[in-house]
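Each chain, written out:
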Amino acid sequence: MTADGNPCRKIGPEGFTILELLVAMVLTVFGVLGFTGLLKVIGNVEAENIWETKALFCAQERMEELKFAFLTENGSTTEGEEIVAEGSYTGMRREWTTGKSEVFEGLLEIHVGCAYPWKGGMETVEVSTLVCLEE
């Protein structure tokens, strides 16, 4: 409180100087540019996650087909590769291998990988499972 009883004390002239305004504007511009850069990064991460999820479903779909084939005793393919030509997974490359487990007796190992295009190359998602061959 000041000597005259006023709780507010003036420290300097009212208003802002040109220098203070310039500094505030520069800081605001850097903040906005940083935010737009962050939005771009978030967009790239989201796009990659979408591709990765599609590839995971692509691999899971092929794995379920292989499991069904072996469980109905129609499965004879031990490995294969295909490029998906239609549907949601167009252009993705699937590779799979099947064989008796070396670790667990009486089990079939199924490995499926699905590659998707990303930044000029191919990224791969892989899934594996075990299927009981004996009842």
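The preceding data block contains the structure.
Structural notes, computed from the coordinates. Predicted model only: the values in this text are computed from it and were never measured. (Residues numbered from 1 in each chain as written. Predicted model: local features only at pLDDT ≥ 70, side-chain atom pairs only at ≥ 80, totals over all residues. Heavy atoms only, no water.)

What follows covers the pairing of strand β4 (residues 121-132). Of the pairings in the sheet, the one linking strand β3 (residues 107-118) to β4 comprises twelve bridges and is antiparallel in character. Bridging across to β4, Glu109 finds its partner in Leu130. (Pairing = 2+ DSSP bridges. Helix = DSSP H or I, 4+ residues; strand = E, 2+ residues; numbered from the N terminus.)

Positive phi outside glycine occurs at Lys119, with the angle close to 50°. As for its position among the elements, Lys119 is in the loop between β3 and β4. We classify Lys119 as exposed; its relative accessible area is 69%. (Buried < 20%, exposed > 50% of the residue type's maximum accessible area, 1.4 Å probe, protein only.)

If you look at the biggest cluster of nonpolar residues, it comprises 19 residues, and the most contacted ones within it are Ala55, Cys58, Met92, Ile110, Val112, Cys114 and Tyr116. Counting residues per element, the ones that place at least two in this core are α1 (18-71), β3 and β4. In this view, Ala55 contacts Met92, Cys114, Tyr116 and Val125; residues no more than four positions away in its chain are not counted. (Core = buried A, V, L, I, M, F, W, Y, C linked by side-chain atoms within 4.5 Å. Contact = heavy atoms within 4.5 Å.)

With that out of the way, let us pick up the sheet that holds strand β1 (residues 79-83). The four strands are arranged β1-β2-β3-β4 in an open sheet whose pairing can be described as antiparallel. Here the strands that pair on one side only, and so sit at the sheet edges, are β1 and β4. For this sheet the average axis-to-axis angle between neighbouring strands, irrespective of direction, equals 15°. Across eight bridges, the pairing between strand β2 (residues 93-100) and β3 is antiparallel. Bridge pairing in β3 links Arg94 to Cys114. (Axes fitted to C-alpha atoms, helices over the stretch in contact; angles between N-to-C directions.)

In this structure the tally under the stated criterion is six salt bridges. In this structure, the salt-bridge partner of Arg62 is Glu65, at a minimum N-O distance of 2.8 Å. Note that Arg62 and Glu65 are positioned in helix α1 at a spacing of three residues, about one turn of the helix. Looking at Glu65, the relative accessible area reads 36%, which means it is partly exposed. Between Lys67 and Glu64 there is a salt bridge, and its shortest N-O distance comes to 3.4 Å. Here Lys67 pairs with Glu64, and both are found in helix α1, just three residues apart, close to one helical turn. (Salt bridge = Lys/Arg side-chain N within 4 Å of Asp/Glu carboxyl O.)

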